[in-house]
Amino acid sequence: MTLGQLKAQGTPREIGRALGMAGRAAVLTHLRGNPFWREVVDPVHAGRRARMAETVRNCFPAIWAEIEGLAEGLDLSFAEVFSWQCRGDILAALPPFAEAEGCTSVLRPGTPAVMAHNEDGYPSLRGQCFLADLAPEGAPQFVSFCYPGSIPGHTFAMTDAGLGMTVNNIRLQGVEPTVPRMVLGRAILACRSAAEALAVLEGANSGGFHIGLGEAASGRLWSVEYGGGAMSAQEVTAPVAHANHALHHPGGLASQYITRSSADRQARAEALLAGDPLAVLADAAGPGLPIRRSDPRDPDEENTLATVVMRLDGGGIGWRVYDDPAQPPTHAGWIGG
């Protein structure tokens, strides 16, 4: 089922409103009544939400305005929609919610450098997500995979500044967040260099994320893990895989939750790293739970919704998005450079 497409430009609020309108039907049909949504809006989390809202309003006003527009486009209250943007920070330590979410990334340095990623999400959202080509005022244009009801910046994206990004969930435990990890991911899409992006994440007290970060101008790649007030950024000098648990975060190694799928995908991807990144992400033949996830009974309630391959070359990024890696890409393009 091919991804939809959205093209929008304007102020942050106008961008958010377009995102909300694009995802309104899916949010009402597939998300608003599910247990995850009900949990994040529960009054028990009011203190966490208020603390994060204060940080976003004061430190990231453009993203605050984008979420305001998103709520308008969804025709829901701002409080409810903001809470949904905080879901990873709230749910990571709450079984059974900690079982959900997870993707797989492969980073391969070289000329060109390659970034590849399986975006895994709720099976019910297959066919409900979309690629957004967005041109915010005063910030780089970017293309991002978008979930209905969410701001961009927590999946995969390519920007006109020549930055590539892939994002994987990390289930850090014991974090009392002051900023949503999704907001930090969104902030990276407004950056004009890898150094600026890494500065955004330094010391940020959020839930845990892994970001595969690529800079076309230099051809360099980084594996970045952040959350809980700490960040580890390792430059990638040999092929690496990441399957949504911390591998080098200073606090995550001792305090994280690793699902069976996450452990199995990490081991299998590392065993296949000598091969083509797209073939690694298409693999479903190894022992344990597969890298490419298509079983509706997946224990993490995840299926692969899209696969992307980015090639960083000549200051820009050539990208291809696949519904099925065994078939031709459904979307392709070039950005930056």
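From a predicted model like this one, the values you see are computed outputs, not experimental measurements.

## Concerning the nonpolar core
Now for step 1: With 82 residues, the main nonpolar core has Leu-19, Phe-145, Phe-156, Ile-211 and Met-310 as its most contacted residues.
Now for step 2: Of the residues forming this core, the biggest block, six residues, is contributed by helix 4 (residues 61-74).
Now for step 3: If you look at the next biggest cluster of nonpolar residues, it comprises twelve residues, including Ala-116, Leu-273, Val-280 and Val-309.

## Describing the layout of surface pockets
Now for step 1: Counted as a void, the largest pocket has a volume near 250 Å³.
Now for step 2: Considering the residues around the largest pocket, the lining is formed by 18 residues, among which Ala-62, Ile-63, Ala-139, Arg-186 and Ala-190 are closest to the centre.
Now for step 3: Considering every element that reaches the lining of the largest pocket, the biggest residue donor is helix 4, with three residues.
Now for step 4: Its residues assigned to classes, the lining of the largest pocket comprises 13 nonpolar, one polar and four charged.

## Here we look at the sheet that holds strand 3 (residues 113-121)
Now for step 1: Strand order in this open sheet of six strands is 11-2-3-12-13-14, and the pairing throughout is antiparallel. Only two strands of the sheet have a single partner each, and these edge strands are strand 11 (240-242) and strand 14 (331-336). Direction aside, neighbouring strands of the sheet carry axes that sit 15° apart on average.
Now for step 2: Inspection of the sheet shows strand 2 (residues 104-108) paired to strand 3 by five bridges, in the antiparallel sense. Bridging across to strand 3, Val-106 finds its partner in Ala-116.
Now for step 3: Its contacts with the sheet put helix 9 (residues 260-271) on strand 2, strand 3 and strand 11, and the angle it makes with strand 11 is roughly 165°.

## Some remarks on the pairing of strand 2
Now for step 1: Taken across its five residues, strand 2 has four buried, putting it largely inside the fold.
Now for step 2: Between the end of strand 2 and the start of strand 3, which pair antiparallel, lie four residues, with Gly-110 showing a positive phi angle near 145°.

## Examining helix 9
Now for step 1: The end-to-end C-alpha separation of helix 9 is 17 Å, in line with the 16 Å expected for twelve residues at 1.5 Å each.
Now for step 2: Those residues of helix 9 not exposed but buried are Ser-261, Ser-262, Asp-264, Arg-265, Gln-266 and Ala-269.
Now for step 3: At its buried positions, helix 9 is contacted by strand 2, strand 3, strand 11 and helix 10 (277-282).

About the cut-offs
- Residues numbered from 1 in each chain as written.
- Predicted model: local features only at pLDDT ≥ 70, side-chain atom pairs only at ≥ 80, totals over all residues.
- Heavy atoms only, no water.
- Core = buried A, V, L, I, M, F, W, Y, C linked by side-chain atoms within 4.5 Å.
- Buried < 20%, exposed > 50% of the residue type's maximum accessible area, 1.4 Å probe, protein only.
- Helix = DSSP H or I, 4+ residues; strand = E, 2+ residues; numbered from the N terminus.
- 1 Å grid on protein atoms, 1.4 Å probe; cavity = no way out; pocket = protein on both sides within 12 Å on 5 of 7 lines; lining within 4 Å.
- Points joined across faces, edges and corners; volume = space filled by probe spheres on them.
- Nonpolar A, V, L, I, M, F, W, Y, C, P; charged D, E, K, R; others polar.
- Pairing = 2+ DSSP bridges.
- Axes fitted to C-alpha atoms, helices over the stretch in contact; angles between N-to-C directions.
- Contact = heavy atoms within 4.5 Å.
- Expected span 1.5 Å × (residues − 1).

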